[in-house]
Amino acid sequence: MESDRAGRRRGRAPRRADVTVRRASAGDAGRLTRLVRTSGAYEGPYAPMVEGYRVGPDYIEAHRVFVAADGGTGRILGFYALLLDPPELDLMFVADSAQGLGVGRQLAAHLREEARSAGLTGVRIVSHPPAEGFYRHIGAEPVGTVRADPPAVMWDRPELLLRIGRG
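Rules used in this analysis
- Residues numbered from 1 in each chain as written.
- Predicted model: local features only at pLDDT ≥ 70, side-chain atom pairs only at ≥ 80, totals over all residues.
- Heavy atoms only, no water.
- Pairing = 2+ DSSP bridges.
- Helix = DSSP H or I, 4+ residues; strand = E, 2+ residues; numbered from the N terminus.
- Axes fitted to C-alpha atoms, helices over the stretch in contact; angles between N-to-C directions.
- Contact = heavy atoms within 4.5 Å.

Enquirer: Report on the sheet that holds strand β1 (residues 19–23), specifying residues and quantitative values.
Expert: The mixed open sheet is built from 7 strands, whose spatial order is β1-β2-β3-β4-β5-β7-β6. Bordering the open sheet on either side are β1 and β6 (141–146), each of which pairs with just one other strand. Across the sheet, the mean angle separating the axes of adjacent strands is 25° when strand polarity is ignored. Bridge count for strand β5 (residues 122–126) against strand β7 (residues 157–163) is 5 bridges, and the pairing is antiparallel. Following the sheet pairing, Ile125 is matched in β7 by Leu160. Packing against the sheet, helix α1 (residues 29–37) makes contact with β1, β2 (64–70), β3 (76–84) and β4 (87–94), and its axis sits at approximately 95° to β3. Along the sheet, helix α4 (residues 103–117) makes contact with β1, β2, β3, β4, β5 and β7, crossing β3 at roughly 25°.

As structure tokens, then:
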């Protein structure tokens, strides 16, 4: 049976991952940086955006960064960073090998709970264009477009709002 680019077998549904979400630690910085830099979502014209990108220990300690880890191996499958003031999803990545396993949905559910516990009513998301469908699928609503800002960002990006209901 052939494998696709992410290493999953074609013709078979991927198995659900046994995932635990935990607060990131400074020791996770290198693995989070690798996850960002090797993301298949940032190939081709998007590659310059993550070239040289670094998720440092200082960033992890200053923000609410959470990782989704394989419950059996501890391998990091994805992560997100929530900024509180103003409320914004700063980063969300899922490893290519974990795509389709529900990791993104689990991170999004955790994000909602984290935002709710912080008293937020909504979280702004400036999406990587190919990820807009995912954010809409989890309930984020389009609210505008953030225009390109060369040389840092060479393309327009969808702006969405993820409303956070009261628990």
